[in-house]
Amino acid sequence: MSTVWLVPAGTDSADGASAGDYLLRPSGGGLYEVGAVDTSVQSCTWLGELSGDLLPPLPQVDGPQEAPEQKKLLAAVQGVESAQANRGG
């Protein structure tokens with residue numbers, strides 16, 4: 001099962017993340033960027049943004065960590081990924 005990792009703004013990776021995992025980082029204005037960890041595990045493809053209002057409460061992080069409430073967050077980030085795929089991205 002995929003894991004959602006919280007990362008600080010400007011961070012493009014998380015130690016421990018593997019292909020199929022997702023990164024979630026604050027991008028300002030109450031929004032969070034959603035990224036999918038690529039198979040190379042060396043990079044992340046940023047898929048889009050989600051409003052923090054659509055997510056469970058998230059802690060501020062100083063470094064990458066597994067996000068709380070994995071099931072809810074996984075559904076939200078996979079929704080962004082599906083929307084991106086449907087747009088042809």
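Data block above holds the structure.
Residues numbered from 1 in each chain as written. Predicted model: local features only at pLDDT ≥ 70, side-chain atom pairs only at ≥ 80, totals over all residues. Heavy atoms only, no water.

**Brief notes about the overall build of the chain**
Part 1: Broken down by element type, the chain carries one helix and five strands.
Part 2: Secondary structure of the chain in N-to-C order comes out as β-β-β-β-β-α.
Part 3: Projected onto its principal axes, the C-alpha positions of the chain cover 30 × 25 × 25 Å.
Part 4: For the chain, the residues scored as buried account for 38% of the 89 residues in total.
Part 5: Partitioning the contacts of the chain with sequence separation of at least 6, the portion at a separation of at least 24 is 35%.
Part 6: Of the roughly 5,000 Å² of accessible surface on the chain, a fraction of 48% belongs to carbon and sulfur atoms.
Part 7: Taken as two groups, the 4 positive and 11 negative side-chain charges of the chain have centres that lie 9 Å from each other. (Helix = DSSP H or I, 4+ residues; strand = E, 2+ residues; numbered from the N terminus. Buried < 20%, exposed > 50% of the residue type's maximum accessible area, 1.4 Å probe, protein only. Contact = heavy atoms within 4.5 Å. Areas by Shrake-Rupley, 256 points an atom, 1.4 Å probe, with all protein chains shown as cover. Lys, Arg positive; Asp, Glu negative; His and termini not counted. Charge placed at Lys NZ, Arg CZ, Asp CG, Glu CD.)

**Some remarks on helix H1 (residues 70-86)**
Part 1: Relative to the 24 Å expected for 17 residues at 1.5 Å per residue, H1 spans 24 Å between its end C-alpha atoms, a close match to the ideal helical length.
Part 2: Looking at H1, one finds that the buried residues are Gln70, Leu73, Leu74, Ala76, Val77, Val80 and Gln84. Relative to the axis of H1, the buried residues are bounded by an arc of 165 degrees and lie together on one face. Within H1, the exposed residues directed more than 90 degrees away from the buried face are Lys71, Lys72, Ala75, Ala85 and Asn86.
Part 3: Against the buried residues of H1 lie strand S1 (4-6), strand S2 (22-28), strand S3 (31-37), strand S4 (44-51) and strand S5 (65-66). (Expected span 1.5 Å × (residues − 1). Arc of directions from axis to C-beta.)

**A word on the pairing of S2**
Part 1: As judged from the three bridges shared by S1 and S2, these two strands associate in the parallel manner. Across the sheet, the residue bridging to Trp5 is Leu23, located in S2.
Part 2: As defined by bridge partners, S2 adjoins S3 across six bridges and the pair is classed as antiparallel. Across the sheet, residue Tyr22 finds its bridge partner in S3, namely Ala36.
Part 3: Linking S2 to S3, which pair antiparallel, is a turn of two residues; within it Gly29 sits at a positive phi near 65 degrees. (Pairing = 2+ DSSP bridges.)

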